[in-house]
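# Structural features, examined
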Amino acid sequence: MFKLHSEAMRRWVMVLLLAGCAAGSYAGRLEKAFAALGEYDYFKARTLLLKETGKHPAAAWYGLSVITGRADNPFFQLDSSYAAVRRSMAAYALLDAKGRGKAAKLGVDSAAIGSQLNHIAGIAWKQVSDLDRLEAYQRFIDAYAGSNLVDQAMDRRDELAFQEAKKANTSVAYEAFLHQYPDAKETFSARTRLQEAIYREATPTGAIAEYEAFIVDHPSNTHVRDAQDMLLKLNTPHKTPEEYAAFIRRYPGNPNVSDAWRSMYDIYTRELTVANITRFLKEHPDYPFIGELMNDYKVASLVLYPIRQGGLWGFIDNSGVERIKAEFDYAEPFIHGQAQVGLSGRNGSVNKMGSPVIPIVYDDVMDYGEGMATVELNGMQGAVDRNGKLTVPLAFDEVGEFDHGMAAASKGDRYGYINTAGKEVIPFAYDGAMRFHNGLAVVVLDNRSGVVDNKGEWVVPCQYDWVEGFMAMPFSRVRRDGYMGIINRFGDEVLAVEHDHVGPFKDGLALVMDKGKCGYVGSGGTWVIPQRYEGNALSINMGDFRNGLARVLSGGKWGMVDTLGNWVIQPQYADIGVLEGGLIPVKRKNKWGYIKRSFANVVEAKYDQAWELHEGYGRVEAGALFGLIDSTGTEVIKPRYTALGDVANGMLVATGAQGTGVLAPSGKVLVPLEYDSVVPVDKGMVKVTSGARFGYVRTSDGNFLWKEDGFGEASAD
């Protein structure tokens, strides 16, 4: 027995059975036709229906569509069935209320016609989806407009078309895709890939002339700044003053000119002396930052440290002489010739002559980034340049850190991007906005994160709960609904968002953990090392590759593998550290020692804890006391200190029974161990505290450069 394809068919068969031979204009051939159709007498039904297409087209064409849309008779022909139902639909739209009422007695109404259309489209869809070809989906879309499957067909058509464009990977292919499928979901990625393809095709050999021509020919391309950066790189391969000078002359409009000038100046003044500054100015009298240079003249070779006298702050030089009077509420160390200070509840900065650079009028002053510092006054933020000039007006609720001349900013509850003059360059249309990294920035809309380029064009629509950002091109980790994955700079998911944890790419591999199993994927998202290792909280924190090796857990024991998944250290340790300086800390049972990558034991497992090497030395702990070993495993400082820092700049902070001081790696005491705390300030100088007082001590002889009044006194507060 033939099974009916639609609820509508069942409806009109029941109508006929109940109505019998109803009187009226539909009595006769049309009713007999539908009765024959109900009995699957297709020959009789078709003959009668063809004679009624002129008088009763809506019902007749509907019946003919049913016949040609069934595969159990010789009249089955899908295109004919579709053409008939479309004619029925058009005729039904012209019927008045009386005509529709009569048609309804035969089970023909808009719902039945629509159901028949979808039935036909469903059969066609099965054929098309089995074929899975772009051209087939396009024919389906053209033929079955109005079907509820058209949207699905369009999505798959667009997907296949984009795959073809990506396979070609040319600007022509991406332009054609965008022109032909402007509403496709893939347009975000296609636009980004188009910009990249234009850039790539215009600079095939990486020659200077190609980058120059690209900037002229494609001024609005998002990669213009990349081309400008490449011109700086290619024109200054050895980073000599002569190369920087030639770059400045050749590309006066390049945004990297300021960096080139400062790089050249830094080369001349690695040792900041009057003679070096004079020589630079003589050879380059057109230096644009003459104000900064003149300040350097005044303070050449001057090193200043913050001090406190009578509760107020000032600065001394490295001979202990007061250079800036103690009159500020607070003072920070100097960075690039300026120090932040506070006075009467306001904040600003001074130069090494003690003169204000950033006027001391603001409620808050942030650190410089790209020569710009965010400032705040009366709840509004702006930004000043290195000369303290307010170039971004105090017109924003927030101003972020600048990157390539752009910073995120907010007005009210909307975020956008501004340039160094405070001009809006990307509209304030987001709920949140992050700093640009490598020409891409994360933005937030409706609690979802996406990515835009430096033109404000979408690269990744807002579809993730979290996007890490492209600090390390060309990948970013993402999270959605509790699962993690990886996208590339075009927004493609190179690793599906379905994993419990994904680590950052290190040595070209990223840790992936699922259900307590760990493995590693490469940059294409394919498995390089399968998930064959056990995983726990330590794996998440310490399982990334470092120096070509990764810590992995197998059979409850720790070992190390290389980037091909080969065992370098067999899994036999209770714990294992990181390879640095040729040695790896390892734990046997409950004691730590060191081995080499070759698996040779260097230090027997006798310590309670051991750390990786820094500057060729590693800290060890035995019985709550700390010591030091060198890269040969020799114990250069026996465990006798209650605390020990890592070696940095040839010295380390140590704490003993009497207090804290500084040691050389050999164990020699450079600063007596008698202070409450010790913090290195620069090479050769440390800041020490005793109670609430502080001072500066030279590591060369352990003597004070300066100390606060009352330092070390028992009565000190």
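Report follows, based on the coordinates. Throughout, residues of each chain are indexed from 1 in the direction in which the sequence is written. Where totals are concerned, whole chains, interfaces and linings use all residues; where local detail is concerned, this predicted model gives features only for residues with pLDDT of at least 70, and gives and counts side-chain atom pairs only at 80 or more. In computing side-chain values, all of the structure's heavy atoms are included and hydrogens and water are not.

A separate point is the sheet that holds strand E21 (residues 483–488). Only strands joined by at least two bridges in the DSSP assignment are considered to pair. Elements are defined by DSSP. Helices are runs of H or I of four residues or more, strands are runs of E of two residues or more, and each kind is numbered from the N terminus. Ordered by their spatial adjacency, four strands build an open sheet running E19-E20-E21-E22, and the pairing between neighbours is antiparallel. The sheet is open, and its two edges are formed by strand E19 (466–467) and strand E22 (493–499), each paired on a single side. Note: E21 against E22, three bridges, orientation antiparallel. Note on E22: the bridge partner recorded for Met 484 is His 499.

A pair of Phe, Tyr and Trp rings is counted when the ring centres sit within 6.5 Å of each other, with Trp represented by its six-membered ring. The angle between the planes then sorts it: under 30 degrees is stacked, over 60 is edge-to-face, the rest tilted. The final tally for this structure, using the stated rule, is 35 aromatic pairs. The interplanar angle of 50° and the centroid separation of 6.5 Å between the aromatic rings of Phe 162 and Tyr 174 together place this pair among those described as tilted. One end of the pair, Phe 162, is in helix H9 (residues 150–168); the other, Tyr 174, is in helix H10 (residues 171–180), with twelve residues separating them in the sequence. The two residues Phe 162 and Tyr 174 agree in class, both being buried. Relative to Tyr 181, the ring of Phe 177 lies with its centre 5.4 Å away and its plane at 45°, an arrangement referred to as tilted. Type-normalised accessible area, obtained with a 1.4 Å probe on protein chains alone, sets the label of each residue: buried when under 20%, exposed when over 50%, and partly exposed for intermediate values. Among the residues examined, Phe 177 registers a relative accessible area of 3% and is labelled buried.

All right, on to helix H12 (residues 208–217) then. If you check which residues of H12 are buried, you get Glu 210, Tyr 211 and Phe 214. The buried side chains of H12 occupy one side of the element, clustering within an arc of 95° when seen end-on. Set apart from the buried face of H12 by more than 90 degrees, the exposed residues are Ala 209 and Val 216. Here the buried face of H12 lies against helix H11 (187–202) and helix H13 (224–235). Relevant arc is that of directions from the helix axis to the C-beta atoms, nothing else. Contacts are assigned to residue pairs with any non-hydrogen atoms lying within 4.5 Å of each other.

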